[in-house]
Amino acid sequence: MDPRRRVPRTDVVLADPRLVKAMERLGHATVKDAVLAAQQRVRQGEIEPEDVADEALTALPRHATSLRPVINMTGVLLHTNLGRAALSPAAIEAMAVAAGPTDVEFDLATGARSRRGRGALDALARAVPAAGDVHVVNNNAAALVLAATALASGREIVISRGELVEIGDGFRIPDLLVSTGARLREVGMTNRTTLADYRAAVGPETGFVLKVHPSNFRIEGFTGSAGVEELAGLGVPVVADIGSGLLEREPSLPDEPDATTMLEAGAHLVTASGDKLLGGPQAGLMLGRHDIVERCRRHPLARALRVGKVTLAALEASVRGPATPVHQALRADVTALCARAEALAATLAEAGADARAVRAEATVGGGAAPGVCLPSAAVSLPERLAVPLREGDPPVVGRVEGGRLLLDLRAVPPEQDEEVARAVLAAVGG
Ligand SMILES: *Cc1c(COP(=O)(O)O)cnc(C)c1O
């Protein structure tokens with residue numbers, strides 16, 4: 001008999017109570033797609049007609065998002081393609097709290113509208129007392145666009161030629177700034193820009209002087225640049241784009257700029273990312289003098305760049321809460337990392353895998369601390385396991401080096417080691 005005649009009807013399969021239940025979680029279209037795929041397998045003779053519902057159930061995604069949680073063993077702590085900072089449990093809980101109706105912009109005492117996201121703003125203000133005021137937008141690129149629009153549209157932004165930076169995926173900070181209607185006044189040379197260069201360029205047309213932290217590269221040799229402290233004396237606002245989002249000095253990264261130091265040095269406004277070294281959600285932080293932040297906050301564009309309640313909740317928890325996963329990874333003790341790598345490799349070798357513990361070098365990544373190597377430890381495996389591990393459940397992403405696949409432990413919390421072992425054993429077996 002023609003197998004097409006024996007394919008159960010879609011509406012009949014969709015009435016299966018288990019699939020009805022799945023629809024409540026995953027939506028009608030997702031479940032229907034799984035049923036259609038299962039029917040196709042019947043037509044191809046791969047499964048029996050009575051197994052369509054079972055097959056659809058097993059093929060259903062676990063969650064309503066197609067994003068998969070990944071174990072980041074690349075040795076790059078802030079991997080942009082893997083979503084940069086992993087959020088803390090406190091931030092994840094805060095997002096769930098904010099998910100429903102919430103008083104994000106409402107005063108429960110008076111029943112009137114209130115300052116949006118005051119919890120996150122207060123937490124930032126408390127963490128950076130040197131900031132007179134704080135504003136939060138969608139990301140650091142948005143913070144730069146807002147500052148350029150509100151403070152320098154139709155006027156000039158004075159910037160060193162050594163700081164005309166591409167931030168990745170073809171996006172360049174100069175293009176971003178010019179797109180606002182501000183003009184760039186480039187000063188100095190790629191390797192050296194002096195205070196005199198800035199002074200000669202500053203005038204009535206100046207909106208602000210911009211210092212951009214060259215966060216993803218390093219120039220060495222005959223170099224020099226004027227610091228924020230010197231620039232602050234020029235009589236025009238100084239905006240410092242620090243990038244990584246450290247609020248104060250981080251002992252493990254002595255060369256990485258932080259908001260507090262920049263403001264104390266005289267910067268009028270600091271912009272930074274929330275999902276780099278701050279270890280929070282994607283956000284753009286604007287910290288600085290009250291009148292300058294207020295001009296940005298009051299500009300119509302600010303409304304287009306504002307962040308949602310879920311982001312505000314995660315940001316507040318990341319700033320107030322316990323050490324974030326990023327900080328834990330940054331400060332992880334290399335001896336402890338080596339011990340974990342040894343234990344993992346021993347478990348895997350016992351099961352017959354070609355696994356050994358090796359020393360490795362991790363990096364911060366995500367546009368922070370270029371050239372800084374963090375001593376780390378990894379499990380070294382045959383390179384051919386890279387693909388099955390990426391396609392496994394959960395996917396594990398390592399890095400290939402010298403013909404071996406290295407699974408670097410620095411960005412992985414210790415409680416995930418068992419999950420890693422299971423994933424590797426599945427990849428070896430499969
Ligand atoms: C990362 C970075 C940006 C862009 O920040 P996003 O939050 O990704 O928009 C801008 N400037 C510097 C110096 C950076 O490091």
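Residues numbered from 1 in each chain as written. Predicted model: local features only at pLDDT ≥ 70, side-chain atom pairs only at ≥ 80, totals over all residues. Heavy atoms only, no water.

The protein is annotated in an unreviewed UniProt entry as L-seryl-tRNA(Sec) selenium transferase of Planotetraspora thailandica. According to UniProt, the comment filed for the protein under the heading Cofactor (unreviewed entry) is "pyridoxal 5'-phosphate". In its Pathway (unreviewed entry) section, the UniProt entry covering the protein states "Aminoacyl-tRNA biosynthesis; selenocysteinyl-tRNA(Sec) biosynthesis; selenocysteinyl-tRNA(Sec) from L-seryl-tRNA(Sec) (bacterial route): step 1/1." (UniProt positions renumbered as here; feature names shortened; annotations may be inferred.)

Quick look at the overall build of the protein
Within the protein, the regular secondary structure consists of 18 helices and 17 strands. On the principal axes, the C-alpha backbone points of the protein span a range of 85 × 55 × 40 Å. Out of the 430 residues belonging to the protein, those deemed buried represent 47%. Total accessible area on the protein stands at roughly 20900 Å², and carbon and sulfur atoms take up 53% of it. (Helix = DSSP H or I, 4+ residues; strand = E, 2+ residues; numbered from the N terminus. Buried < 20%, exposed > 50% of the residue type's maximum accessible area, 1.4 Å probe, protein only. Areas by Shrake-Rupley, 256 points an atom, 1.4 Å probe, with all protein chains shown as cover.)

Notes on the UniProt feature "modified residue: N6-(pyridoxal phosphate)lysine" (unreviewed entry) in the protein
As recorded in UniProt, the feature "modified residue: N6-(pyridoxal phosphate)lysine" (unreviewed entry) lies at K276. Along the chain, the position of K276 falls in the loop between strand 11 (269–273) and strand 12 (284–288). Other than its neighbours up to four places away in sequence, K276 contacts L78, R84, A85, G243, S244, V326, G366 and G367. (Contact = heavy atoms within 4.5 Å.)

Considerations on the sheet that holds strand 13 (residues 356–362)
Strand order in the open sheet formed by four strands is 13-14-17-16, with antiparallel pairing between adjacent strands. Each of the sheet's edge strands pairs with one partner strand only, and the pair in question is strand 13 and strand 16 (399–401). Within the sheet, the average angular offset between the axes of one strand and its neighbour, ignoring direction, is 45 degrees. As paired elements, strand 13 and strand 14 (residues 374–382) share seven bridges and run antiparallel to each other. Note that in strand 14 the partner of R356 across the bridge is S380. Helix-sheet contacts for helix 16 (residues 334–350) involve strand 13 and strand 14, and the interaxial angle to strand 14 is about 10 degrees. (Pairing = 2+ DSSP bridges. Axes fitted to C-alpha atoms, helices over the stretch in contact; angles between N-to-C directions.)

Side note on helix 2 (residues 17–26)
Looking at helix 2, one finds that the buried residues are L19, A22, M23 and L26. Buried residues of helix 2, viewed axially, fall in a sector of 110 degrees; they line one side. Exposed residues on helix 2 whose side chains face more than 90 degrees from its buried face are P17, K21, E24 and R25. Packing partners of the buried residues in helix 2 comprise helix 1 (10–14), helix 3 (28–43) and helix 4 (52–59). The opening residue of helix 2, the one whose side-chain oxygen lies 2.8 Å from the backbone nitrogen of R18, is D16. (Arc of directions from axis to C-beta. Polar contact = N/O pair within 3.5 Å; in protein donor to acceptor, adjacent residues only side chain to side chain.)

Comments concerning the domain arrangement of the protein
Splitting the protein by domain gives domain 1 (18–59), domain 2 (71–82 + 328–429) and domain 3 (89–321). The gap between the C-alpha centroids of domain 1 and domain 2 is 36 Å. (Domains from an automatic or database assignment.)

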